[in-house]
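Chain by chain, the residues:
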There are 2 protein chains.
Amino acid sequence: MAESRDKTPAPDSGSSIPRAVVSRLSLYLRELQHLVRSGQETTSSNQLGPLLGFTDAQVRKDLAYFGQFGYPGIGYRCQELIQAIRGILGTDREWPVALMGIGNLGRALLRYKGFEQQGFRITAAFDIDSEKTGTTIEGVVVYDAAEMEEVVRRYGIQLGVIAVPAEAAQGTADSMVHAGLTGIMNFAPVTISLPDHVQQVGIDLAIELEQLSFAVVNRHDKR
Amino acid sequence: MAESRDKTPAPDSGSSIPRAVVSRLSLYLRELQHLVRSGQETTSSNQLGPLLGFTDAQVRKDLAYFGQFGYPGIGYRCQELIQAIRGILGTDREWPVALMGIGNLGRALLRYKGFEQQGFRITAAFDIDSEKTGTTIEGVVVYDAAEMEEVVRRYGIQLGVIAVPAEAAQGTADSMVHAGLTGIMNFAPVTISLPDHVQQVGIDLAIELEQLSFAVVNRHDKR
C-alpha cells in the first residue's frame, strides 16, 4: 500500500493501532493457516517470527496490542489464534464484494482463488460495455454500472474493487460512494478522492515495481 | 506491501531512507506525470500535497532527503522533478522483467499497460506447461522454466514477477535466484525465503482486502 503513513503506537486503543501491525496480523494469519493445513495444532512466536522474517519479540509485541493469546508451556493454539485474528481483521464473517470493470485485470480477479479462502466473495460485477453486461463470468453476473445502487443494496455489499482505466476511476469511485460502499480497493494508477467515511486501499502495480527497482539499485534493505 | 517495516529516518543517507518516503516518491512521480499530461509545466508542494492527501510540508520533507528541487517563485519544474525521481527510483532506464507463471494473473499482467509507462517491460515469460511454452502472448515469448538461466542472461534481466500458485512459489523463487535475478515481486500468497542480496516485494491481494475490512470495521483511519 503505497499510501501507508506512519502512526504512533498506543497499545489497547483500537483507533491507533499502527498500520504495520495490522499488515503483520494478516501475515500471521496466512502463516497460521499454512501451519494448520500441514497438521500443526500449536505454534510459538519463536516459530512464527522466523518463518516470516520477523523476530519472536515482534510477534509478541504485535499480538499484545489485541490481548493475551499464548499459553505457558504450549504457545499459541493455531485455530484459536486464527479465529482471534479474523475477529480483529473483521474477516470472521464473509464480505460480499463488488467488482468494477471487467477488463483483463477484472477477469483475473474474478478467477482469483485467494479471496474466498480469506472471507471475501465477489458477488456482483459491473461494467459499462453492453457486450459484457448481462453475461456471467465465473458464476458472477456482470451488471450495468447504472444498476449499482440497487444491486449493492440487494446484496448488502460494503466493499468494492476498482479495476477500470485510470481516467474512469474517480467517476467510478463517486458512483460507488453514492451506491453506499464504505471500503474501496483501487487498482487504477491514480489517486482518488473519497469522503472521510469511506476507507481506501490503493494498489498500483507499477509503483510496487518501482519500489523494487529502488531496492535493487540501492540494495540496502530486505522486504 | 504487507511486509513493510518501519525504519528510522536519517536524511542524506541513501541506506536509511524510510520506506514510506520511497513509496510517496512513486506517488509524486505518478501525479507529476498526470500534471504534465494535462499541460502543466510547474507545480508546488502546496498543489502536489493536497492532490495526494498529504500536507505541503510532507512533500518538502520527503524531497529534502534527496536534494533541493524547488525554485524560489517558481516551485518545482515538473519534467525536471520527474527525471530526478526516476533517477532516485532507478527507473531512468528501462528494466526488462521476467514473468513466472502464465495463469489468469500472469496473462492479466502481460496485458497490463501500466508497467511500460513507468519503465518496466516484461521481456520473457516462463511456465512449466508444455501447452503454453513456445507460444507468444502480447508479443512476449513463453519459455520453458528450464530455460530461465539462459534467457535471463541473454536479456540482462534483473527483476522477476512470481505469478505461480502458492505451493510452487518457493521453488520458482529458488530457480529465479539461481538464474541471477536480484529483485522479485511475489503475488503468491505465501512468504518466500530469499538470500540477502535479493530484494523482494510481496503483494497478497487477499491481505490488501483484509486491511480494508479492518479499516471499515474500525473506521478510524483514511488510507
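How each quantity is defined
Residues numbered from 1 in each chain as written. Chains lettered and ligands numbered in written order. Predicted model: local features only at pLDDT ≥ 70, side-chain atom pairs only at ≥ 80, totals over all residues. Heavy atoms only, no water. Helix = DSSP H or I, 4+ residues; strand = E, 2+ residues; numbered from the N terminus. Buried < 20%, exposed > 50% of the residue type's maximum accessible area, 1.4 Å probe, protein only. Contact = heavy atoms within 4.5 Å. Lys, Arg positive; Asp, Glu negative; His and termini not counted. Charge placed at Lys NZ, Arg CZ, Asp CG, Glu CD. Least-squares fit on C-alpha atoms with pLDDT ≥ 70 in both. Pairing = 2+ DSSP bridges. Axes fitted to C-alpha atoms, helices over the stretch in contact; angles between N-to-C directions. Core = buried A, V, L, I, M, F, W, Y, C linked by side-chain atoms within 4.5 Å. 1 Å grid on protein atoms, 1.4 Å probe; cavity = no way out; pocket = protein on both sides within 12 Å on 5 of 7 lines; lining within 4 Å. Points joined across faces, edges and corners; volume = space filled by probe spheres on them. Nonpolar A, V, L, I, M, F, W, Y, C, P; charged D, E, K, R; others polar. Domains from an automatic or database assignment.

1. Notes on the overall build of chain A
Inference 1: Helices and strands together make up the secondary structure of chain A, namely 9 helices and 9 strands.
Inference 2: Referenced to the eigenvectors of the C-alpha coordinate spread, the extents of chain A come out at roughly 60 × 40 × 35 Å.
Inference 3: Here chain A holds 223 residues, and the buried ones make up 55% of them.
Inference 4: Look at the contacts in chain A between residues 6 or more apart in sequence, and 53% of them connect residues 24 or more apart.
Inference 5: Within chain A, one finds 21 positive and 26 negative side-chain charges whose respective centroids are separated by 6 Å.

2. Focus: unusual backbone geometry
Inference 1: Notably, Glu-138 of chain A is not glycine yet its phi reads approximately 55 degrees, a positive angle.
Inference 2: With respect to the helices and strands, the residue Glu-138 of chain A is situated in the loop between strand S5 (136-137) and strand S6 (140-144).

3. Examining the relation of the copies chain A and chain B
Inference 1: Taken as rigid bodies, chain A and chain B are interconverted by a rotation of 180 degrees and an axial shift of 0.0 Å, the fit giving an RMSD of 0.0 Å. These values place the two chain copies in the arrangement generated by a two-fold rotation axis.
Inference 2: A share of 100% of interface residues in chain A that are also interface residues in chain B marks the association as one of identical surfaces.

4. Brief notes about the sheet that holds strand S8 (residues 183-186) of chain A
Inference 1: Spatially, the 7 strands line up as an open sheet ordered S5-S6-S4-S3-S7-S8-S9 (chain A), and their pairing is mixed. For this open sheet the edge positions go to S5 and strand S9 (199-202) of chain A, each flanked by a neighbour on one side alone.
Inference 2: With 4 bridges joining them, strand S7 (residues 159-162) of chain A and S8 of chain A adopt parallel strand pairing. Residue pairing for S8 of chain A: Ile-162 of chain A is matched across the bridge by Asn-186 of chain A.
Inference 3: Each of strand S3 (95-100), strand S4 (120-127), S7, S8 and S9 of chain A is contacted by helix H9 (residues 205-218) of chain B, which is oriented at about 150 degrees to S8 of chain A, the strand it contacts most.

5. Concerning the nonpolar core
One recurring pattern in soluble globular proteins: nonpolar side chains tend to sit buried together.
Inference 1: With 54 residues, the main nonpolar core has Leu-99, Leu-109 and Phe-115 of chain A together with Leu-99, Leu-109 and Phe-115 of chain B as its most contacted residues.
Inference 2: Excluding anything up to four places from it in sequence, Phe-115 of chain B contacts Leu-205, Ala-206 and Leu-209 of chain A together with Leu-109, Phe-120, Ile-122 and Met-185 of chain B.

6. Some words on the environment of Arg-107 of chain A
Residues and elements named next belong to chain A.
Inference 1: Position of Arg-107 relative to the elements: it lies in helix H5 (residues 104-111).
Inference 2: Relative accessible area serves as the criterion here: at 29%, Arg-107 is assigned to the partly exposed category.
Inference 3: Ignoring anything within four residues of it in the chain, the contact list for Arg-107 reads Ile-102, Lys-132 and Ile-137.

7. Section: the layout of surface pockets
Inference 1: Space inside the largest pocket adds up to approximately 1100 Å³.
Inference 2: Lining the largest pocket are 49 residues, and of these Val-164, Pro-165, Ala-166, Ala-188 and Pro-189 of chain B sit closest to its centre.
Inference 3: Those elements that place two or more of their residues in the lining of the largest pocket are helix H1 (19-37), H5 and helix H6 (114-117) of chain A together with helix H5 (104-111), strand S4 (120-127), helix H8 (166-179) and H9 of chain B.
Inference 4: Classifying every residue of the lining of the largest pocket by side-chain character gives 23 nonpolar, 15 polar and 11 charged.
Inference 5: Quantified by volume, the second largest pocket comes out at close to 830 Å³.
Inference 6: Along the walls of the second largest pocket sit 40 residues, with Ala-163, Val-164, Pro-165, Ala-166 and Pro-189 of chain A positioned nearest its centre.
Inference 7: The biggest single contributor to the lining of the second largest pocket is helix H8 (residues 166-179) of chain A, with 5 residues.
Inference 8: Looking at the lining of the second largest pocket, its residues break down into 21 nonpolar, 11 polar and 8 charged.

8. Digging into the domain arrangement of chain A
Inference 1: Each assigned domain of chain A is listed here: domain 1 (14-89) and domain 2 (95-207).
Inference 2: For domain 1 of chain A and domain 2 of chain A, the distance between their C-alpha centres works out to 30 Å.

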